Amino acid sequence: ILNVEQSPQSLHVQEGDSTNFTCSFPSSNFYALHWYRWETAKSPEALFVMTLNGDEKKKGRISATLNTKEGYSYLYIKGSQPEDSATYLCAFISDSNYQLIWGAGTKLIIKP
Amino acid sequence: DAGITQSPRYKITETGRQVTLMCHQTWSHSYMFWYRQDLGHGLRLIYYSAAADITDKGEVPDGYVVSRSKTENFPLTLESATRSQTSVYFCASSEQRARYGYTFGSGTRLTVV
């Protein structure tokens, strides 16, 4: 059974601080990794799709890195703002069946 | 407007009734997906479709039926609703199965009483 783990489960961060969290996935049969932001009462929104070891992607104050050999990806948020409050999900795709295996998410709460 | 729309947003139905959730996308994405979201389980794939007339089971397909006669529509039918199917249902679409991000609809909150 393929397992995708995200840590921490939840995180309280002061507005203006930077933060990061982790997505761990199997280090074999890697095909792609997705990151999504899911705000309460809305639907998940794609942030990044990462496919190559060493990939770094950036979107505004949010960036992500990928290490496929050791099976982890970091999501960084610089200078957190209240609108960053959301659950951040990662999803691993193996090259065996190309289905997304979702992590349980990291719930980020920004304190003003 | 371009996008992916789900209807209805909310639905209450009785046990044993058939109910259909609608999903429509305007991008001509090849792939469409149905997920359910339950507390403690996260997103679970019910069915997906790679193109019109091509559908396949996901992780939790029992009790559900899908069809895709047109690229833009991917309805999900609960043949005989059960209380365990009370959930929030999300439809998603993507140009490709895994190398592109998924675009999600707003969700349908279904309650089976």
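First, a word on what this report is: a plain description of the structure on this page.

Cut-offs used in this document
Residues numbered from 1 in each chain as written. Chains lettered and ligands numbered in written order. Predicted model: local features only at pLDDT ≥ 70, side-chain atom pairs only at ≥ 80, totals over all residues. Heavy atoms only, no water. Helix = DSSP H or I, 4+ residues; strand = E, 2+ residues; numbered from the N terminus. Buried < 20%, exposed > 50% of the residue type's maximum accessible area, 1.4 Å probe, protein only. Contact = heavy atoms within 4.5 Å. Areas by Shrake-Rupley, 256 points an atom, 1.4 Å probe, with all protein chains shown as cover. Lys, Arg positive; Asp, Glu negative; His and termini not counted. Charge placed at Lys NZ, Arg CZ, Asp CG, Glu CD. Phe/Tyr/Trp six-rings, centres within 6.5 Å; stacked < 30°, edge-to-face > 60°. Buried area = accessible area lost by both parts, 1.4 Å probe. Salt bridge = Lys/Arg side-chain N within 4 Å of Asp/Glu carboxyl O. Nonpolar A, V, L, I, M, F, W, Y, C, P; charged D, E, K, R; others polar. Pairing = 2+ DSSP bridges. Axes fitted to C-alpha atoms, helices over the stretch in contact; angles between N-to-C directions. Disulfide = S-S within 2.5 Å.

**Some remarks on the overall build of chain A**
Across its full length, chain A holds 0 helices and 11 strands. Starting at the N terminus and ending at the C terminus, chain A contains elements arranged as β-β-β-β-β-β-β-β-β-β-β. C-alpha extents for chain A along the principal axes are approximately 45 × 25 × 20 Å. Counting every position in chain A, which comprises 112 residues, the buried fraction comes to 50%. A sequence separation of at least 24 residues applies to 54% of the contacts in chain A between residues at least 6 apart. Working note: accessible area of chain A is about 5500 Å², and carbon and sulfur atoms make up 45% of it. Between the centroid of the 10 positive side chains of chain A and the centroid of its 11 negative side chains there is a distance of 4 Å.

**A word on the packing of aromatic side chains**
Counted by the stated rule, this structure contains 20 aromatic pairs over all chains. Here the aromatic rings of Trp102(A) and Tyr35(B) are separated by 5.8 Å at their centres, their planes lie at 90 degrees, and the arrangement is edge-to-face. Here Trp102(A), found in strand β10 (residues 100–102), pairs with Tyr35(B), found in strand β4 (residues 31–38), and the two come from separate chains. A residue is classified by how much of its surface remains accessible, and Trp102(A), at 12% relative accessible area, is buried. Given the relative accessible area of 2%, Tyr35(B) is considered buried. With 6.3 Å between their ring centres and 25 degrees between their planes, Phe33(B) and Tyr48(B) make a pair best called stacked. Of the two residues, Phe33(B) sits in strand β4 while Tyr48(B) sits in strand β5 (residues 42–51), which places them 15 residues apart along the sequence. A single burial state applies to Phe33(B) and to Tyr48(B), both of which are buried.

**Things to note about the interface of chain B and chain A**
The interface of chain B with chain A comprises 17 residues on the first partner and 18 residues on the second. Roughly 1400 Å² is buried in total at the junction of chain B and chain A, and carbon and sulfur atoms are behind 60% of that figure. Connecting chain B to chain A are 0 salt bridges. It is β5(B) that contributes the most residues to the side of chain B that touches chain A, 3 residues altogether. Its residues assigned to classes, the side of chain B that touches chain A shows 9 nonpolar, 5 polar and 3 charged.

**Quick word on the sheet that holds strand β3 (residues 19–25) of chain B**
Residues and elements named next belong to chain B. Read across the open sheet, the 4 strands follow the order β1-β3-β8-β7; overall the sheet is antiparallel. Lying at the two open borders of the sheet, with one neighbouring strand each, are β1 (4–7) and β7 (64–66). Strand-to-strand, the axes of this sheet are offset by a mean angle of 15 degrees, without reference to chain direction. Pairing analysis gives 3 bridges linking β7 to strand β8 (residues 76–78), with the strands arranged antiparallel.

**A word on the state of the cysteines**
All names here are of chain A. Counted according to the given criterion, the structure contains 2 disulfides over all chains. A sulfur-sulfur separation of 2.0 Å characterises the disulfide bridge that pairs Cys23 with Cys90. Residues Cys23 and Cys90 share a disulfide whose torsion about the S-S bond is about 80 degrees; that sign makes it right-handed. You can see Cys23 sitting in strand β3 (residues 19–24) and its partner Cys90 sitting in strand β9 (residues 86–94), a full 67 residues away along the chain. Per residue, the accessibility class of Cys23 equals that of Cys90, and both read buried.

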